[in-house]
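For reference, the chains in residue letters:
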Amino acid sequence: MSGRVLVGVKRVIDYAVKIRVKPDNTGVVTDGVKHSMNPFCEIAVEEAVKLKEKKLIKEVVAVSCGPQQSQETIRTALAMGADRGIHVDVSGKDYENLGPLQVSKILAALAKQEDAQLILLGKQAIDDDCNQTGQMTAALLDWPQGTFASEVSLEGDKINLVREIDGGLEHIKINTPAVITADLRLNTPRYATLPNIMKAKKKKIATVKPADLGVDVTSRLEVLKVEEPPQRQAGMKVETVEDLVVKLKEAGRV
Amino acid sequence: MANPLKTEVIRLYKNLLYLGREYPQGAAYFKQRLKSAFMKNKDVTDPEKIKQLVARGDHVIKELEALYFLRKYRAMKKRYYEPEK
C-alpha cells in the first residue's frame, strides 16, 4: 500500500457571495466574483491532513480540475498541509460543461496512476449540489464508498466509518482502497494562514490535461436555461378569519 | 524597538491583514481598525509590554479564525440540513 491519499478540491464561488444570474440566462455571473475552495472539500483536506499527522497515511495529494485559477485552490490545500498538487487543466467550453461524470473519470485515472489508497472528497459542491462525484468515482474504480462521513477511523486495512443519513447515524466498515466523501461534522478545517501559504509555495503542483489521462471530457448534458427562483409574492392582510378562509378557497388551497 | 520584536510585530500585522480580507464588514473597514490599533501602541518601548501586545494580537487571530469557521459552519448547516426540532 502506497499510503497515498488523493483529495479532490473544487474552486467554487465563495459561499458568502450573493449569486446573480447572467442576463442571457445561460449561467451565473463568475467574472470578478470571489471564489474559494468548496467548504466540503476543505473538510476533506482537513481529514486527509489529520490522517497524515496521525501517521496513518504517508502522502496527501490535492487534485483540482479547472482553469488556471484552480491552482489557487490547490495552493490553499497545500497551505492546509497537503504535500503536492495536481492541476488537471480544463478551460473554456470544456470547463463550463465539466460535471461529476468527467471529474470522476479523471479522478479514477489519477487514482490508478498515483496508486492511491484512499480518495477523499467533499460530499457535494455548493455551486451545482450534484453529490455524485464520490459515488461515480467509486463505481468506476469498483472501490467501496463511505459517503456523508461524519467520523473516519482506519483499522488495519479496513476503515470504520460513521455516516450521517436521514434516519440517523450508520456505522459501516469498508475495505481499502476506498472513496470517502466528507460531511459537515467530520472535522473543523484549519484556516490557511499567511505563514502556511508562504511555506506552501515550495510545494509542487503538476499540470496535466484530461487527454493525458485518456479521459474524454465531452458532456452528455446541455444546460438549457438558468434562472432565478421565483420572487416571493407579497403577502395579503385579511380582517377576519372568515376572510382568510375565503381567500384560501380562492387560491385553491382549501 | 528591539530588532527581533520588530519582526514579530510586522509578522503579526501582515498575518492580521491577510485574515482581514474575509472580514464580514469589509476588508477596508478591517484594515482601518487594524492600522489604528497598531498606531495607538507605536510608542511602546518596554519589551515585556510589546510581547503582551503581540500575544493579544495572536489571540485576535485565533478569534478571527473561529469567527470565520462559525460563520461558514452555520451557513452550511442552514442550507443543507433540516432544522433541529
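Residues numbered from 1 in each chain as written. Chains lettered and ligands numbered in written order. Predicted model: local features only at pLDDT ≥ 70, side-chain atom pairs only at ≥ 80, totals over all residues. Heavy atoms only, no water.

Digging into the interface of chain A and chain B
Where the parts come together, the accessible area they lose is often given as the size of the interface.
Phase 1 of the analysis: In this complex, chain A contributes 23 residues to the contact, which on the side of chain B involves 17 residues.
Phase 2 of the analysis: Buried area between chain A and chain B, summed over both chains or domains, comes out near 1,900 Å², and the portion from carbon and sulfur atoms is 60%.
Phase 3 of the analysis: Here chain A is connected to chain B by 1 salt bridge.
Phase 4 of the analysis: One salt bridge in this structure joins B:K72 and A:E42, with 2.8 Å as the shortest N-O distance.
Phase 5 of the analysis: Taken together, the connections running from chain A to chain B amount to 9 residue pairs in polar contact (both at pLDDT 80 or more).
Phase 6 of the analysis: Of all the secondary structure elements, the ones that give two or more residues to the side of chain A that touches chain B are α1 (39-53) and α6 (194-200) of chain A. (Contact = heavy atoms within 4.5 Å. Buried area = accessible area lost by both parts, 1.4 Å probe. Salt bridge = Lys/Arg side-chain N within 4 Å of Asp/Glu carboxyl O. Polar contact = N/O pair within 3.5 Å; in protein donor to acceptor, adjacent residues only side chain to side chain. Helix = DSSP H or I, 4+ residues; strand = E, 2+ residues; numbered from the N terminus.)

Some thoughts on a nonpolar patch on the surface
Residue and element names in this part refer to chain A.
Phase 1 of the analysis: On the surface, V238, L244, L248 and V254 cluster together into a nonpolar patch covering about 310 Å² of accessible area.
Phase 2 of the analysis: Mapped onto the elements, L244 comes out in helix α7 (residues 241-250).
Phase 3 of the analysis: Note on L244: relative accessible area 39%, which makes it partly exposed. (Patch = residues over 30% accessible without salt bridge, like charges linked within 9 Å, V, L, I, M, F, W, Y side chains within 5 Å. Areas by Shrake-Rupley, 256 points an atom, 1.4 Å probe, with all protein chains shown as cover. Buried < 20%, exposed > 50% of the residue type's maximum accessible area, 1.4 Å probe, protein only.)

Quick word on the pattern of salt bridges
Two side chains carrying opposite charge are able to pair once their charged atoms lie near each other.
Phase 1 of the analysis: Counted by the stated rule, this structure contains 21 salt bridges over all chains.
Phase 2 of the analysis: Because the salt bridges share partners, they merge into one network encompassing A:R4, A:E59, A:R84 and A:E114.

Brief notes about the UniProt feature "domain: Electron transfer flavoprotein alpha/beta-subunit N-terminal" (unreviewed entry) in chain A
Phase 1 of the analysis: Listed under "domain: Electron transfer flavoprotein alpha/beta-subunit N-terminal" (unreviewed entry) in the UniProt record, and renumbered for this structure, are residues 25-217 of chain A.
Phase 2 of the analysis: Secondary structure content for residues 25-217 of chain A is 32% helix and 30% strand, and the end C-alpha separation is 24 Å. (UniProt positions renumbered as here; feature names shortened; annotations may be inferred.)

What about the UniProt feature "domain: Complex 1 LYR protein" (unreviewed entry) in chain B?
Phase 1 of the analysis: Under the local residue numbering, the UniProt record ascribes the feature "domain: Complex 1 LYR protein" (unreviewed entry) to residues 8-60 of chain B.
Phase 2 of the analysis: Overall, residues 8-60 of chain B shows 77% helix and 0% strand. The separation of its end C-alpha atoms is 15 Å.

Some remarks on the state of the cysteines
Residues and elements named next belong to chain A.
Phase 1 of the analysis: Applying the stated criterion to the full structure yields 0 disulfides over all chains.
Phase 2 of the analysis: Not engaged in a disulfide, the cysteine C65 finds its nearest cysteine sulfur in C41; these two sulfurs lie 11 Å apart.
Phase 3 of the analysis: Judged by relative accessible area, which is 13%, C65 ranks as buried.
Phase 4 of the analysis: There is no disulfide at C130, and the cysteine sulfur nearest it, in C41, is 12 Å away. (Disulfide = S-S within 2.5 Å.)

Considering α7(A)
Phase 1 of the analysis: A distance of 3.3 Å separates the backbone nitrogen of A:E242 from a side-chain oxygen at the start of α7(A), and that oxygen is part of A:T240.
Phase 2 of the analysis: After α7(A) finishes, the residue A:G252 shows a positive phi value of roughly 75°.

Quick look at the packing of aromatic side chains
Remark: the centre distance and the inter-plane angle together describe each pair of aromatic rings, the angle taken between the planes.
All names here are of chain B.
Phase 1 of the analysis: In total, this model carries 6 aromatic pairs over all chains according to the counting rule given.
Phase 2 of the analysis: Measuring from ring centre to ring centre gives 5.2 Å for Y23 and F30, while their planes differ by 50°; the resulting arrangement is tilted.
Phase 3 of the analysis: These aromatic residues form a ring-pair network of at least three members: Y23, Y29 and F30.
Phase 4 of the analysis: Across the ring face of Y18, the terminal group of R21 is positioned such that the distance to the ring centre comes to 4.1 Å. (Phe/Tyr/Trp six-rings, centres within 6.5 Å; stacked < 30°, edge-to-face > 60°. Lys NZ or Arg CZ within 6 Å of the ring centre and 35° of its normal.)

Notes on the packing of helix α1 (residues 3-20) of chain B against helix α3 (residues 47-80) of chain B
Packed helices, taken two at a time, are described by the angle between their axes plus the distance between the axes.
Residue and element names in this part refer to chain B.
Phase 1 of the analysis: Between α1 and α3, the least distance of the axes is 10 Å, while the angle of their chain directions is 20°. Relative to α3, the element α1 lies roughly parallel. At the point where α1 passes α3, the crossing takes the left-handed sense. Between α1 and α3, the contacting residues are L5, E8, V9, R11, L12, N15, L16, L19 and G20 on the first element and P47, I50, K51, L53, V54, G57, D58, V60, I61, L64, E65 and Y68 on the second.
Phase 2 of the analysis: Tallied by class, the residues present in the contact of α1 with α3 amount to 13 nonpolar, 3 polar and 5 charged. (Axes fitted to C-alpha atoms, helices over the stretch in contact; angles between N-to-C directions. Parallel < 35°, antiparallel > 145°, perpendicular 65-115°, else oblique. Left-handed = near helix turned anticlockwise from the far one by under 90°. Nonpolar A, V, L, I, M, F, W, Y, C, P; charged D, E, K, R; others polar.)

Considerations on the packing of α1(A) against α3(B)
Phase 1 of the analysis: At a minimum axis separation of 11 Å, α1(A) and α3(B) run at an interaxial angle of 120°. By the angle between their axes, α1(A) is oblique relative to α3(B). When the axes of α1(A) and α3(B) are compared, the crossing they make is left-handed. Across from A:P39, A:F40 and A:E42 in α1(A), the residues of α3(B) making contact are B:K72, B:M76 and B:Y80.
Phase 2 of the analysis: Split by residue class, the contact of α1(A) with α3(B) holds 4 nonpolar, no polar and 2 charged.

Things to note about the pairing of strand β8 (residues 158-165) of chain A
Residues and elements named next belong to chain A.
Phase 1 of the analysis: Sheet analysis places strand β7 (residues 145-155) next to β8, joined by 6 bridges and oriented antiparallel. Considered in β8, the bridge of E151 is made with V162.
Phase 2 of the analysis: In textbook terms, the turn of a hairpin is the stretch between consecutive antiparallel strands, and for β7 and β8 this stretch comprises 2 residues, one of which, G156, has a positive phi near 70°.
Phase 3 of the analysis: In this sheet, strand β9 (residues 168-175) lies alongside β8 in antiparallel orientation, the contact comprising 8 bridges. The residue bridging V162 from the neighbouring strand is H171, located in β9. (Pairing = 2+ DSSP bridges.)

A word on the environment of A:K58
Phase 1 of the analysis: Inspection of the secondary structure puts A:K58 in the loop between α1 and β4 (59-66).
Phase 2 of the analysis: On the basis of relative accessible area, A:K58 is assigned to the exposed category, the value being 62%.

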